Amino acid sequence: MQEKGIKIDAITYTSMLHWLSNDGDIDGTVRMWEEMKKKGCYPTVVSYTAYMKILFDHNRVKEAIEVYKELLRSGCSPNCHTYTVLMAHVIDSGKTEEALRLFSRMKDTGVEPDKATCNILVEKCSKAGATYAVIQVLSFMRENKLVLRYPVFLEAHEALKKAGKSDHLLWQVNSHIFIQDTGAGEITDAMQAAQDPNCVIDGGLLLVFLRKRNFCGLDCLLTQLGKKNLKIESWPITTAIEESCAKGRVDTALLAFDYVVKTCIDIGTGASLALIGALIRRNQFAQAVDVVEQIAKTGSFLETDSASLLIYRLGCSKQLALAERIFYMLPDDLQNSATYTAYIAACLSAGDPDRGIKAYETMRGLGVLAAAGTYDVLIYGLQKLGRLDEAKIYMKEKKYRQKGHHSSEISISCERICDLLFTVDMVP
């Protein structure tokens, strides 16, 4: 190349790094990297990333980290592949939490994970048994319409199955696999071999009805399922609930939920929230609370933000008794500043300020810290009800109590949720 006057650039050197590494000559690779810089050929982000991966692959971790630092000092911005190389290494090192932090950091810096990155992360996390990380990556994939390669899908499915975790999200992200492979029976055989064939048929029919928007057929099938002593996979039922709610077919969703109750299958929070939200929009408040109670019987509960919104919404609809049922079925760790504030707001919205004040006093007596949103709810609600003197008391208390108090990390999180939900302009 030099004899013919062809300029040797960063692309050429990067290719040489790959060739030497693939040939097992790691020392030659290091010399080539140094030669590249000595001759004034500035590495690009591609060069840095390729060299980092080579060093990681040859267990020269400290050198790889120094190259990454050099990349940052050079003014180059890490790209998607750079982050992928880093995350793959830390997962292989058993530091999955660190990989998730890198995953968040790359998004914060404007670098969106692509399909290849997500597939690599899901595969490595699945092999490591880190199903919580698999679920986080799958959530991102669902939001961004990314899918898994078939072998990675199988790896993730096996990991979730071993961990006893729901595979509903996995199927949501990769619905194409079911549609594509049903005819060949590959997925069905892998997942359902030990089950009654009728379960497979019913689950498949259910999805066919959903795809064709045949809700009458779906109603009949769900009614028959309720009469059979068969337990099908959770994800077709979950999909039926979510799709039915999205299309305004709440009665169909309720039929599916009745089957869930009878068979005790886990449908996850997404489908439950979809059904609860649909019932609230139709003012079927008592049925919404019944759904929450059925979920609670399985040992699952709404998260702080969802529980707070539901309690508050019931209070705004003058359904204080139902709001109270939701609040008192929450376990102690979910009776926090956000959910207490929601209950107080429900009492005030329903025109029962005395009960709201009593709830506040109970909250304080239990050592639950009041957030800024808690005081805003009390002050604004009492003012609206004409109890101005009491509102002034809470104004003073707010100023006094919020001077430099320190909370635990969990309390700060709950207070943050409380403030986001219940600032003055959020409360009617």
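Definitions and limits used
- Residue positions are counted from 1 within each chain, in the order its sequence is given.
- A pLDDT threshold of at least 70 governs which residues receive local features in this predicted model, and a stricter bar of 80 or more applies before side-chain atom pairs are shown or counted, although totals over entire chains, interfaces and linings include all residues.
- The basis for every side-chain value is the complete set of heavy atoms in the structure, and neither hydrogens nor water enter the calculation.
- What counts as a helix is a DSSP run of H or I of at least four residues, what counts as a strand is a run of E of at least two, and both are numbered from the N terminus.
- A simple rule labels every residue: compare its accessible area, found with a 1.4 Å probe on the protein chains alone, to the largest value its type can have, and call it buried under 20%, exposed over 50%, or partly exposed in between.
- Here, two residues are considered to be in contact whenever any of their heavy atoms come within 4.5 Å of each other.
- Accessible surface area values rest on a Shrake-Rupley calculation with a 1.4 Å probe, where residue burial reflects the displayed protein chains alone.
- pLDDT measures how confident the predictor is about each residue, on a scale from 0 to 100.
- Only one rule defines a salt bridge in this text: a Lys or Arg side-chain nitrogen within 4 Å of an Asp or Glu carboxyl oxygen.
- Working definition: rings of Phe, Tyr and Trp (its six-membered ring) pair if their centres are within 6.5 Å, and the pair is stacked with planes under 30 degrees apart, edge-to-face with planes over 60 apart, and tilted otherwise.
- Only buried residues count toward a nonpolar core, which is a set of Ala, Val, Leu, Ile, Met, Phe, Trp, Tyr and Cys residues joined through side-chain atoms within 4.5 Å.
- For a helix, the expected span equals 1.5 Å multiplied by the residue count minus one.
- Polar contact is the term for a pair of N or O atoms within 3.5 Å; when the atoms are in protein, one must be able to donate a hydrogen and the other to accept it, and sequence-neighboring residues count only if both atoms are side-chain atoms.
- Every axis corresponds to a line fitted to the C-alpha atoms, with the helix fit spanning only the stretch in contact, and the corresponding angles, defined between N-to-C directions, vary from 0 to 180 degrees.
- Between 65 and 115 degrees an angle is taken as roughly perpendicular, under 35 as roughly parallel, over 145 as roughly antiparallel, and anywhere else as oblique.
- Two helices crossing with the near one rotated counterclockwise from the far one by less than a right angle form a left-handed crossing, whereas a clockwise rotation gives a right-handed crossing.
- Residues are grouped as follows: nonpolar covers Ala, Val, Leu, Ile, Met, Phe, Trp, Tyr, Cys and Pro; charged covers Asp, Glu, Lys and Arg; every other residue, Gly included, is treated as polar.

Caption draft 1: Geometry of the overall build of the chain. A tally of helices and strands in the chain yields 25 helices and zero strands. For the chain, buried positions account for 48% of its 428 residues. Taking as baseline every contact in the chain between residues at least 6 positions apart, the subset at least 24 positions apart corresponds to 64%. Only carbon and sulfur atoms are counted for the fraction: they give 53% of the accessible area of the chain, which is about 21900 Å².

Caption draft 2: Molecular detail of the confidence of the model for the chain. Per-residue confidence for the chain averages 81 on the pLDDT scale, and 85% of its residues sit at or above 70. Confidence, read as mean pLDDT per element, is least for helix α12 (residues 186-192) in the chain (39) and greatest for helix α7 (residues 115-128) (94). Contacts of residues 178-201 to residues separated by more than four positions or lying in other chains number 32 contacts, the stretch itself having pLDDT below 50. With pLDDT under 50 throughout, residues 406-410 is counted as low confidence; its partners more than four residues away or in other chains account for four contacts.

Caption draft 3: Region of interest: the pattern of salt bridges. This model, assessed by the stated rule, comprises 17 salt bridges. Among the salt bridges present, the one from Lys-37 reaches Glu-70, with a minimum N-O distance of 3.3 Å. Taken together, the residues Lys-37 in helix α2 (residues 26-38) and Glu-70 in helix α4 (residues 61-74) connect sequence positions 33 residues apart. When its relative accessible area of 29% is taken as the criterion, Lys-37 is described as partly exposed. Where Glu-390 meets Arg-387, a salt bridge forms, and the shortest distance between an N and an O atom there is 2.6 Å.

Caption draft 4: Focus on the packing of aromatic side chains. Under the definition given, this model contains eleven aromatic pairs. Ring geometry for Phe-103 against Phe-140: centres 5.4 Å apart, planes inclined by 80°, an arrangement best described as edge-to-face. Here Phe-103, found in helix α6 (residues 96-108), pairs with Phe-140, found in helix α8 (residues 131-143); they are 37 residues apart in sequence, far enough to count as distant. Phe-140 matches Phe-103 in its accessibility class, with the two residues each being buried. Note on Tyr-328 and Tyr-343: the rings are 6.0 Å apart at their centroids and 75° apart in plane angle, and the pair reads as edge-to-face. With Tyr-328 in helix α20 (residues 320-329) and Tyr-343 in helix α21 (residues 337-349), this pair connects stretches of sequence that are 15 residues apart. For Tyr-328, a relative accessible area of 51% gives the class exposed. For Tyr-343, a relative accessible area of 2% puts it in the buried group.

Caption draft 5: Highlighting the nonpolar core. Ranked by internal contacts, the top residues of the largest apolar core, which has 131 residues, are Leu-206, Ile-237, Ile-241 and Leu-275. It is α21 that provides the largest number of residues to this core, a total of nine residues. When sequence neighbours within four positions are dropped, the list of residues in contact with Leu-275 reads Ile-241, Cys-245, Val-250, Ala-253, Leu-254, Phe-257 and Val-291.

Caption draft 6: How the structure looks around α21. Taking 1.5 Å per residue as the helical rise, α21 with its 13 residues ought to reach 18 Å, and the 18 Å between its terminal C-alpha atoms agrees with that figure. Its side-chain oxygen placed 3.1 Å from the backbone nitrogen of Ala-338, Asn-336 serves as the N-cap of α21. Of the residues trailing α21, Gly-351 is marked for its positive phi of about 80°.

Caption draft 7: Seen up close, α20. Along α20, the positions that sit buried rather than exposed are Leu-320, Leu-322, Ala-323, Ile-326, Phe-327 and Met-329. Buried residues belonging to α20 abut α18 (285-297), α19 (304-316), α21 and α22 (353-365).

Caption draft 8: Quick look at the environment of Asn-22. Within the element layout of this structure, Asn-22 appears in helix α1 (residues 10-22). We classify Asn-22 as exposed; its relative accessible area is 67%. Between the C-alpha atoms of Asn-22 and Ile-54, which are 32 residues apart in sequence, the distance is 9.1 Å.

Caption draft 9: Here's a closer look at the packing of α6 against α8. α8 packs onto α6 with a crossing angle of 15° between their chain directions and a minimal axis gap of 10 Å. One element, α6, and the other, α8, form an angle in the roughly parallel class. When the axes of α6 and α8 are compared, the crossing they make is left-handed. Of the residues in α8, those in contact with Thr-96, Glu-97, Leu-100, Phe-103 and Lys-107 of α6 are Tyr-132, Ala-133, Gln-136 and Phe-140. Split into classes, the residues belonging to the contact of α6 with α8 amount to five nonpolar, two polar and two charged.

Caption draft 10: Summary view of unusual backbone geometry. Although it is not a glycine, Asn-283 sits at a positive phi angle of roughly 60°. By the element assignment, Asn-283 lies in the loop between α17 (268-281) and α18. The phi angle at Lys-318 is positive, at roughly 65°, despite the residue not being glycine. Of the residues examined, Lys-318 reaches a relative accessible area of 56% and is grouped as exposed.

Caption draft 11: Summary view of the packing of helix α5 (residues 80-92) against α7. The interhelical angle for the contact between α5 and α7, taken along N-to-C directions, is 0°, at an axis separation of 10 Å. As judged from the angle between their axes, α5 and α7 are roughly parallel. On α7, the residues touching Cys-80, Thr-84, Met-87, Ala-88, Ile-91 and Asp-92 of α5 are Thr-117, Ile-120, Leu-121, Lys-124 and Cys-125. For the contact of α5 with α7, a count of residues per class yields seven nonpolar, two polar and two charged.

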